[in-house]
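One-letter residues, chain by chain:
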Amino acid sequence: MTQTINEQLVTFLNESMTCFHAVHNMKQRLLKENYIELSEGTTWNLEEGKGYFVTRNNSSIIAWNMACKNYTSFHLVSSHSDSPCFKVKDNPEIVKDGYVKLNTERYGGMLMNPWFDRPLSVAGRVIVKEGNSFQTKLVNIDKDYLITPSVAPHLNRNANNGFVYNAQVDLLPILGSEDCKGLFQKQIAEYANVNEDSILASDLFVYPRDKGSIWGANNEYISSPRLDDLQCAFASLNALLQATPTTSIPVFVCFDNEEVGSLTKQGADSTFLKDTLLRINNACNKTQEDFHTTLASSFMVSADNAHAIHPNHGEMHDPINHPQMNKGIVIKHNANQKYTTDALSCAIFKDICAKANVPTQTFVNRSDAPGGSTLGNISNAHVSLNCVDIGLAQLAMHSTYETAGAKDTEYLIKALTAYYSSSLKMQDAYTYNLD
Ligand code: ZN
């Protein structure tokens, strides 16, 4: 089973080269499972027993199982669809010294070093005008298309001495020789299957061509681009589809723009989640008061990958709370609340995992390291819920090729299926019941 899940995960990762492709692939999976697509631009009529989903910007998606119209809570899991990469600028071709290079800028905080000397390509979306309508088309140049060459140590004697990269100088990939001047836009149009003149604007990203791999002496690891955070998105979507909910509504949320601060119309720092929950409430003929009592009993699992202890740099981690790959779900804690986990949310989530026979472990940063933050507290500013921050342990976060444990995806699916199938209820200020 673990092998099959990992093979499915690898396929999903290979086909999800941008946030737009990730959301498209999740949509296709939901449609196959008879989920119904809703538009934010039309009135919603929801029927009990059916599954629904809605997207915003084609890069964030929320799906839920309308198991019970008389529900008492939402059980949410959030993840993110984007990954650090390079965005292609407008007027991207730079012709110089016999080459055509692509002019790009950084999207998010990637490790720069792994972007050199490997096949890269371009994917994303173009907006085309047909008559009086603006349409979104996905595009992927599905071939080895670009390379960003490093500088040989003979030319740069500091190459191995902590060289500082400049994104405007060092990270521009070669598209071809100067003979290919003007070809980029033509090829984007060709791969998008549209007329070049009809493209008005685009969101195009450079992505690594490496395919996911299951490896190690006992096949104990899985490596791929974009494990952060598509591994959690994949696991939570599978859990949604496997769950048997009772009186809570299981909600799958995958936000774009986590890597750049979430403050976009479709990010965790937007109204997308609150709007969706409120519309579910209204479509079920519930009152504003019902909405508040429901939120009081609701819970969110903010799922974003965590740092596994590094094999060569154990000293960079907390002396005790340093997770390992294949040892179960990581619960993240931070005294300054960059992670939302508190004693109550930790206790509830640990109990769910224990009942599902899934091990958990703890992550806390070294006390002298700032660490990162994630979706939970940003989303909580809009819809405030009991929330736990979790993730799967991985190495080389924000590299072009990240590594995680082969057993952990299955652990997360099992735990989240149990969570989506349970129901939390607030009794009073001191007491919650979980059924
Ligand atoms: Zn992440």
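Refer to the preceding data block for the structure.
Q: Account for the sheet that holds strand E6 (residues 99–107), naming residues and giving values.
A: Hydrogen bonds between backbone atoms are what pair the strands of a sheet, whose relative direction is either parallel or antiparallel. Ordered in space as E8-E7-E10-E5-E6-E9, the six strands form an open sheet in which the pairing is antiparallel. Every interior strand has two partners, whereas the edge strands, strand E8 (133–140) and strand E9 (174–177), have only one. Averaged over all pairs of adjacent strands, the angle between strand axes in this sheet comes to 30°, irrespective of strand direction. Pairing geometry for strand E7 (residues 120–130) and strand E10 (residues 199–208), over nine bridges, is antiparallel. When the sheet's bridge partners are listed, Val128 is paired in E10 with Ile199. Across the face of the sheet, helix H2 (residues 19–32) comes into contact with E7, E8 and E10 while running at roughly 95° to E8.

Q: Let's hear about the coordination of the zinc ion: which residues, and what values?
A: With distances of 2.0 to 2.7 Å, the protein atoms coordinating the zinc ion are His80 (NE2), Asp228 (OD), Asp304 (OD) and Asp304 (OD). Coordination geometry of the zinc ion: the four donor atoms subtend angles of 53 to 144° at the metal centre, consistent with an arrangement described as irregular. Of note, the zinc ion draws all its donor residues from one chain, in the sequence arrangement H-x147-D-x75-D. Of this pair, His80 sits in strand E4 (residues 73–80) while Asp304 is found in the loop between strand E14 (299–303) and strand E15 (306–307), placing the two residues 224 residues apart along the sequence.

Q: Please provide a residue-by-residue account of the side chain of Ser59, values included.
A: Locating Ser59 in the fold gives a position in the loop between strand E2 (50–56) and strand E3 (60–66). Residue Ser59 is classed as buried on the basis of its relative accessible area of 0%. Look past the residues within four positions of Ser59 in its chain and what remains in contact with it is Cys19, Phe20, Val23, Ser81, Cys254, Phe255, Asp256 and Gln266.

Quick notes on the rules
- Residues numbered from 1 in each chain as written.
- Predicted model: local features only at pLDDT ≥ 70, side-chain atom pairs only at ≥ 80, totals over all residues.
- Heavy atoms only, no water.
- Pairing = 2+ DSSP bridges.
- Helix = DSSP H or I, 4+ residues; strand = E, 2+ residues; numbered from the N terminus.
- Axes fitted to C-alpha atoms, helices over the stretch in contact; angles between N-to-C directions.
- Contact = heavy atoms within 4.5 Å.
- Donors = N, O, S within 2.8 Å, 3.2 Å for Na, K, Ca; no water.
- Tetrahedral: all angles 85-135°; square planar, octahedral: opposite > 155°, others 65-115°.
- Buried < 20%, exposed > 50% of the residue type's maximum accessible area, 1.4 Å probe, protein only.

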